[in-house]
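# Descriptive analysis of the structure
Residue-level listing of the chains:
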Amino acid sequence: MNDRHEQWRAAERLALTLTEGGMQRMAARTLAVFLFTDQPSVTAGELADRLEASAGAVSGAIKSLLTVGLIERLPAPGSRREHYRLRDDAWATLFTSQNTVIQAMLQAAAAGIAATDEGDPAHRRLARMHAFYEFLLGEIPSLLDRWHQQSD
């Protein structure tokens, strides 16, 4: 699969999968470029050219990917443009940033538990939900430690 056209088709399929999983379309397409590029870093202009997208759309996607920790800004001495690359630890970083989602689920479950009576089936379901997310949150650190040991 050394054909660049085939690689781009695979990148677009990946972006579609990410979009179906809840990522914004332009952020997903931008992430696909980072995953498939053979360049050590890319600029926003290069992303816009590759994606045939507006500078504003690419800027928003970059901001989104920076915020969740998937990409990082690089120093580029001699260049007036910002350079970006996929972080080496992107997936572990994304997973840990998802703790905010787990925390939100815990808080929502706790609010539901507080609003229902103990004998209510909703109370039991919400308590189970809360217990699951507490368990998951507790497992993340050791899971990431094992990942780092395996990937080093």
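Residues numbered from 1 in each chain as written. Predicted model: local features only at pLDDT ≥ 70, side-chain atom pairs only at ≥ 80, totals over all residues. Heavy atoms only, no water.

### Some words on the nonpolar core
Side chains of a nonpolar character, in soluble globular proteins, are inclined to be buried together. Counting residues in hydrophobic clusters, the biggest one holds 24 residues, and the most contacted among them are F34, L47, L65 and I71. Every element with two or more residues in this core is listed here: α1 (4-20), α2 (25-36), α3 (44-51), α4 (55-67) and β3 (83-86). Counting residues per element, this core draws most heavily on α2, which supplies seven residues. Residues within four places of L65 in sequence aside, it is in contact with A27, T30, L31, F34, L70 and I71. (Core = buried A, V, L, I, M, F, W, Y, C linked by side-chain atoms within 4.5 Å. Buried < 20%, exposed > 50% of the residue type's maximum accessible area, 1.4 Å probe, protein only. Helix = DSSP H or I, 4+ residues; strand = E, 2+ residues; numbered from the N terminus. Contact = heavy atoms within 4.5 Å.)

### Describing the environment of S142
Within the fold, S142 resides in helix α7 (residues 121-151). Residues S142 and G119, spaced 23 residues apart in sequence, show a C-alpha to C-alpha distance of 35 Å. At 3.2 Å, the side chain of S142 forms a polar contact with the backbone oxygen of E139. (Polar contact = N/O pair within 3.5 Å; in protein donor to acceptor, adjacent residues only side chain to side chain.)

### Brief notes about the packing of aromatic side chains
Scanning the model with the defined rule gives one aromatic pair in all. Ring centres of F132 and Y133 lie 5.1 Å apart, and the angle between their planes is 80°; on these two criteria the pair is classed as edge-to-face. You can call F132 partly exposed: its relative accessible area is 45%. Across the ring face of W8, the terminal group of R50 is positioned such that the distance to the ring centre comes to 3.9 Å. (Phe/Tyr/Trp six-rings, centres within 6.5 Å; stacked < 30°, edge-to-face > 60°. Lys NZ or Arg CZ within 6 Å of the ring centre and 35° of its normal.)

### Re unusual backbone geometry
One non-glycine residue with positive phi stands out, namely E52, at about 50°. Looking at the secondary structure, you find E52 in the loop between α3 and α4. Residue E52 is classed as exposed on the basis of its relative accessible area, which comes to 76%.

### Quick look at the packing of α1 against α2
The contact between α1 and α2 brings their axes to 8 Å, and the two run at 140°. Between α1 and α2, the crossing angle belongs to the class labelled oblique. Here α1 and α2 pass one another in a crossing that is right-handed. Across the interface between the two elements, R4, Q7, W8, A10, A11, E12, L14, A15, L18 and T19 from α1 touch R25, A28, R29, L31, A32, V33, L35 and F36 from α2. (Axes fitted to C-alpha atoms, helices over the stretch in contact; angles between N-to-C directions. Parallel < 35°, antiparallel > 145°, perpendicular 65-115°, else oblique. Left-handed = near helix turned anticlockwise from the far one by under 90°.)

Purely spatial values, then, with no claim about function.
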